[in-house]
Amino acid sequence: MLSHIIEEIARDLAWVNNLIEDHLKIKAGYLGAFANLDMSPINQDIRPALVILSSRIYGNVPEKAVVLASVFQFIYMAANVQRSVSESDTETFGMPEDPNLGSQFPVLVGDYLYGKFFTLLSEADMLNLLRPIAEIICHIHEGGIMKQKLKLQTSPSKALGDAIQKESAELFGGCCSLGALLAGAPAADQKAMKRFGESLGMAYGLLEEGVKVEHITSYLLEAKEALSLIPCKPERLWLEKLVCNLSGQGLATCRMVI
């Protein structure tokens, strides 16, 4: 699903991955030894790709776009690590043989990754983005709480959609709207990019939960409608291809073709 896009922005994505890897090495060791940081190829690239493409549509600010892409990826990684901790996990002293055992290390690693977003924004003189990104993090945690409550419900379909809106759509929307803001997009275009990202994030999040492709069609159509409101640049066409591939293949198949 992302292979054709990755080729176009491979240099920037490599820059993002290298920056992230550098920050995963601390005095205590590599953070992957204390929590499971593994992710699928698509989850490694899709959020940074959205930031970079959204920024490129409106200008060329590669260094700041790479920082913002890294910030959003750190946020995703932190949420993913802490989401893996179950309520039954017990505190483990010393380094566990399995990074998923116990809760102390994953929680600490998640906190560290969240802290990185502030550091990177500060170093890049991008603190104007602090408030909207902090709000997105709050939405992610609220969505996580909602998903935990779903386990107690017998008909969670609407509640699942509400949780995905908080946990996935808000993050995708931020990637797109703040990426556009970074490059000087007009307010109306930032709004359109946010609408695109949120719609794509809803579709993507529902697919990750195992919802069938036919049930996400309305979100993909809304994503396409939002894209029609922004300048027709090559990057917009790549985003359109992303939507089309998602609707035609579904998440499982897309993971196979990357």
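Note: the structure precedes this text.
Residues numbered from 1 in each chain as written. Predicted model: local features only at pLDDT ≥ 70, side-chain atom pairs only at ≥ 80, totals over all residues. Heavy atoms only, no water.

1. A few points about the environment of Ile230
Mapped onto the fold, Ile230 is located in the loop between α9 (217–227) and α10 (234–257). In this structure, the C-alpha to C-alpha distance between Ile230 and Tyr58, residues 172 residues apart in sequence, is 9.5 Å. Setting aside anything within four residues of it in sequence, one finds Ile230 in contact with Ile57, Tyr58, Asp189, Ala192, Met193 and Arg236. (Helix = DSSP H or I, 4+ residues; strand = E, 2+ residues; numbered from the N terminus. Contact = heavy atoms within 4.5 Å.)

2. Re the side chain of Lys147
Positionally, Lys147 belongs in helix α6 (residues 130–150). A polar atom in the side chain of Lys147 sits 2.6 Å from the side chain of Glu209. Sequence-distant contacts of Lys147, defined by excluding residues within four places in its chain, comprise Ala163, Glu167 and Glu209. (Polar contact = N/O pair within 3.5 Å; in protein donor to acceptor, adjacent residues only side chain to side chain.)

3. Observations concerning unusual backbone geometry
Unusually for a residue other than glycine, Asp125 sits at a positive phi of about 55°. By the element assignment, Asp125 lies in the loop between α5 (104–123) and α6.

4. Let's talk about the packing of helix α8 (residues 187–208) against α9
With their axes 8 Å apart at the nearest point, α8 and α9 run at an angle of 160° to one another. By the angle between their directions, the pair α8 and α9 is classed as roughly antiparallel. The two elements α8 and α9 cross, and the hand of that crossing is left-handed. For the pair α8 and α9, the contacting residues are Ala192, Arg195, Phe196, Ser199, Leu200, Met202, Ala203 and Leu206 in the first and Tyr219, Leu220, Glu222, Ala223, Glu225, Ala226 and Leu227 in the second. Each residue belonging to the contact of α8 with α9 can be placed in one class, and the counts come to 11 nonpolar, 1 polar and 3 charged. (Axes fitted to C-alpha atoms, helices over the stretch in contact; angles between N-to-C directions. Parallel < 35°, antiparallel > 145°, perpendicular 65-115°, else oblique. Left-handed = near helix turned anticlockwise from the far one by under 90°. Nonpolar A, V, L, I, M, F, W, Y, C, P; charged D, E, K, R; others polar.)

5. Points about the packing of helix α7 (residues 157–182) against α8
The interhelical angle for the contact between α7 and α8, taken along N-to-C directions, is 140°, at an axis separation of 6 Å. Taken together, the axes of α7 and α8 are oblique relative to one another. The two elements α7 and α8 cross, and the hand of that crossing is right-handed. Class assignment of the residues belonging to the contact of α7 with α8 gives a composition of 13 nonpolar, 9 polar and 3 charged.

6. Considerations on the packing of aromatic side chains
Within the structure shown, the criterion is met by 2 aromatic pairs. A centroid spacing of 5.2 Å and a plane angle of 35° characterise the contact between Phe34 and Phe105, whose relative ring orientation is tilted. Residue Phe34 is located in the loop between β2 (29–30) and α3 (41–58), and its partner Phe105 is located in helix α5; the two are separated by 71 residues in the primary sequence. Each member of the pair Phe34 and Phe105 is classed as buried. Of note, Arg47 hangs over the ring of Tyr76, and the distance from its end group to the ring centre comes to 3.7 Å. (Phe/Tyr/Trp six-rings, centres within 6.5 Å; stacked < 30°, edge-to-face > 60°. Buried < 20%, exposed > 50% of the residue type's maximum accessible area, 1.4 Å probe, protein only. Lys NZ or Arg CZ within 6 Å of the ring centre and 35° of its normal.)

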